[in-house]
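Structure at a glance
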Amino acid sequence: MTTPCSKKQSKLDLIKQVSRDDIDRWVAKYPANQKQSAVMAALRIVQDQNGGFLTDELMDAVAEYLEMPSIAVYEVATFYSMYELKPVGRHKICVCTNISCMLCASDEIVNHLESRLGIKLGQTTPDGRITLKEVECLGACVDAPVIQIGDTYHEKLTPAKIDKILSSLN
Ligand code: FES
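Residues numbered from 1 in each chain as written. Predicted model: local features only at pLDDT ≥ 70, side-chain atom pairs only at ≥ 80, totals over all residues.

1. Let's talk about the overall build of the protein chain
Across its full length, the protein chain holds eight helices and four strands. Mapped from its N terminus to its C terminus, the protein chain presents α and β elements in the order α-α-α-α-α-β-α-α-β-β-β-α. Principal-axis analysis of the C-alpha atoms gives the protein chain an extent of 55 × 35 × 25 Å. Sequence separation of 24 or more characterises 59% of the internal contacts of the protein chain that already satisfy a separation of 6 or more. (Helix = DSSP H or I, 4+ residues; strand = E, 2+ residues; numbered from the N terminus. Contact = placed C-beta atoms within 7 Å.)

Laid out in structure tokens, this is it:
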């Protein structure tokens with residue numbers, strides 16, 4: 001039989017120990033009564049733990065762990081583009097199409113990526129390898145046009161550079 005207590009326990013169990021240790025390092029950066037300040041880091045950590053996307057259960061677990069309302073966690077997860085609420089490919093290519101990138105021909109970059117991968121923005125290749133995502137300014141306007149893959153920025157892009165990058169992805 002599931003008791004309220006065991007239910008709570010199983011929710012928190014969704015966060016692996018290694019992730020908790022990582023979250024705790026972020027929590028320690030803030031005053032003791034401001035654990036929720038670590039919510040963005042916590043969401044990134046559990047998203048990585050879960051293969052690149054968040055589930056309601058994981059967001060609830062983060063809320064429980066940081067002692068904050070679930071709705072406040074959902075608000076963060078649905079506002080920022082780095083969080084995913086459904087499965088994504090092994091590699092997520094985030095393409096900036098904001099003003100500086102647009103002026104530096106990000107549409108050419110998008111067209112080239114779409115034609116090379118056979119998918120549109122917002123889609124994942126059928127083999128689950130690559131997701132193409134349109135994002136707002138990545139803060140690297142001076143080197144536009146820009147894409148981000150994982151933690152790496154690729155800047156001053158051309159179709160030829162895109163080909164090189166794609167062939168380097170496993
Ligand atoms: S507009 Fe693309 S990085 Fe700023």
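2. Details of the domain arrangement of the protein chain
In terms of domains, the protein chain is made up of domain 1 (4-79) and domain 2 (91-168). Relative to domain 2, the C-alpha centre of domain 1 lies at a distance of 29 Å. (Domains from an automatic or database assignment.)

3. Some words on unusual backbone geometry
Look at the link from alanine 144 to proline 145: it is a cis peptide, with omega at 0°. When you line up the elements, proline 145 lands in the loop between strand 2 (130-135) and strand 3 (147-149). The backbone phi angle of glutamate 67 is positive, close to 55°, even though this residue is not glycine. Within the secondary structure layout, glutamate 67 lies in the loop between helix 4 (56-65) and helix 5 (70-79). Here alanine 105, not a glycine, exhibits a phi torsion of approximately 70°, which is positive. With respect to the helices and strands, alanine 105 occurs in the loop between helix 6 (99-103) and helix 7 (106-117). Look at alanine 105 and you get partly exposed, because 15 C-beta atoms sit within 10 Å. (Buried ≥ 20, exposed ≤ 12 C-beta atoms within 10 Å, placed from the backbone.)

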